[in-house]
Amino acid sequence: MPYKELHLSSKEIKKKTVISFSVFIIMIALAIFAWKALQKQPTEDGALRPLRRILNYNEIFFGNFLSKNHLTKTFPLQDAVKNVRVNGGEGMSDEFNAAGWKLKLVRNAGDTLLVTLDEIKALPKTEIIFDFKCIEGWSQVTHWGGVRFSDFANKYDLNAQMQMNYISLVTPDKGYYVGIDMPSMLHPQTLLCYEMNGKPLPLNQGYPLRLIIPVKYGIKHLKRIGTMSFSNMRPADYWYEQGYDYYSGL
Ligand SMILES: Nc1nc2c(c(=O)[nH]1)N[C@H]1C(S)=C(S)[C@@H](COP(=O)(O)O)O[C@H]1N2
Ligand SMILES: [Mo]
């Protein structure tokens, strides 16, 4: 069919201009109205309630895709950076007595085991080189070593605990704390980590023990684990309380 040009009179053009400009104004007004209405909503754990609802829904939705067979991409050793960025020092007070450190493993109320670093190092070692991602927008390919949480859990008879919904990790001074859903914790790439680049962890990177959990953003990789405990309810979480996503999955 031959193309037919559309000729509009200047009156029609004027009419179209008025209509599109009016629609534009109405859209802006609606956007301002919606924004103001959102700001009036109560906050829930640091986030406006409608946004918090979306974040909570994300946990349920994306949790369905987490699988032990779905591994985070790994890299060859030469890709690992030598100068690993240090980010975040909450809960890492100077008074820390590294030599006297023992992991407080709270299996049940009134049943706390103290585990030494040597005992943890005696378990089979797993290494991982992956792209560590911080929600601030940077990422780095880094090399870590430690014991798989699932290996640790089997060694310390945490069968009942592994049936629970969450694990809580807290620094010795209680200044930083995270809650992790159990499926992510039991993922085969999740490590109780004591080595970086084949050497003991530096103090500011979590010596003696930190979490490395490649299925999550950096905020969940708690450095300097003091206490580990288990619950069915969500444990307290430092960044969640500031309005961030609890799940923080990748
Ligand atoms: N104890 C503690 N652990 C922490 C943080 C912190 O402030 N305190 N920050 C987290 C954040 S936001 C990131 S991105 C990573 C950074 O780990 P790195 O310092 O080894 O690069 O640690 C996480 N673990
Ligand atoms: Mo981060």
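Since we're looking at a predicted model, the values are computed, not measured.

## So, the side chain of D181
Within the secondary structure layout, D181 lies in strand β8 (residues 177-181). Leave out the neighbours within four places in its chain, and D181 touches E59, N165, Y166, K216 and Y247.

## Some words on the pairing of β8
The element β8 is extensively covered by neighbouring structure, given that five of its five residues are classed as buried. Going residue by residue along β8, you find Y177, G179 and D181 tucked away on one face and V178 and I180 tucked away on the opposite face as well. When strand β7 (residues 166-170) meets β8, the two strands line up antiparallel, connected through five bridges. Bridge pairing links I167 to I180 in β8. Here β7 hands over to β8 after six residues, with K174 in that stretch at a positive phi of 65°.

## Here we look at the site of ligand 1
Taken together, 19 residues are adjacent to ligand 1, and R85, N87, E90, R210 and K223 come closest. Between R85 and ligand 1, the recorded distance is 2.6 Å, taken from a backbone N or O atom to an oxygen atom. Contacts to ligand 1 include N87, whose backbone N or O atom sits 2.7 Å from an oxygen atom. Taking 530 Å² as the accessible area of ligand 1 by itself, protein coverage stands at 97%.

## With respect to the packing of aromatic side chains
The full count for this structure, using the stated rule, is 16 aromatic pairs. Relative to F62, the ring of F61 lies with its centre 5.1 Å away and its plane at 85°, an arrangement referred to as edge-to-face. On the basis of relative accessibility, which here comes to 36%, the residue F61 falls in the partly exposed class. Plain terms: the ring middles of F130 and F132 are 6.0 Å apart, the flat faces sit at 45° to each other, and that makes the pair tilted.

## Re the pairing of strand β12 (residues 227-231)
The side chains of a regular strand alternate between the sheet's two faces. Alternating residues of β12 divide into M228 and F230, all buried, and T227, S229 and S231, none buried. Alignment of strand β3 (residues 103-108) against β12, held across two bridges, turns out to be parallel. Bridge pairing links K104 to T227 in β12. As defined by bridge partners, β7 adjoins β12 across five bridges and the pair is classed as antiparallel.

## Some points on the environment of L51
Tracing the backbone shows L51 in helix α2 (residues 49-63). With 194 residues separating them in the primary sequence, L51 and D245 have C-alpha atoms 9.7 Å apart.

## What about the pattern of salt bridges?
As enumerated under the stated definition, the model contains seven salt bridges in all. Across the pair D111 and R107 runs a salt bridge, and its minimum N-O distance is 3.4 Å. Among the ionic pairs, K220 bridges to D237, the shortest N-O distance being 2.8 Å. Of the two residues, K220 is situated in the loop between β11 (210-212) and β12 and D237 in the segment after β12; the sequence distance between them amounts to 17 residues. Comparing K220 with D237 shows no difference in burial state: the two are buried.

Conventions adopted
- Residues numbered from 1 in each chain as written.
- Chains lettered and ligands numbered in written order.
- Predicted model: local features only at pLDDT ≥ 70, side-chain atom pairs only at ≥ 80, totals over all residues.
- Heavy atoms only, no water.
- Helix = DSSP H or I, 4+ residues; strand = E, 2+ residues; numbered from the N terminus.
- Contact = heavy atoms within 4.5 Å.
- Buried < 20%, exposed > 50% of the residue type's maximum accessible area, 1.4 Å probe, protein only.
- Pairing = 2+ DSSP bridges.
- Near = heavy atom within 4 Å.
- Polar contact = N/O pair within 3.5 Å; in protein donor to acceptor, adjacent residues only side chain to side chain.
- Areas by Shrake-Rupley, 256 points an atom, 1.4 Å probe, with all protein chains shown as cover.
- Phe/Tyr/Trp six-rings, centres within 6.5 Å; stacked < 30°, edge-to-face > 60°.
- Salt bridge = Lys/Arg side-chain N within 4 Å of Asp/Glu carboxyl O.

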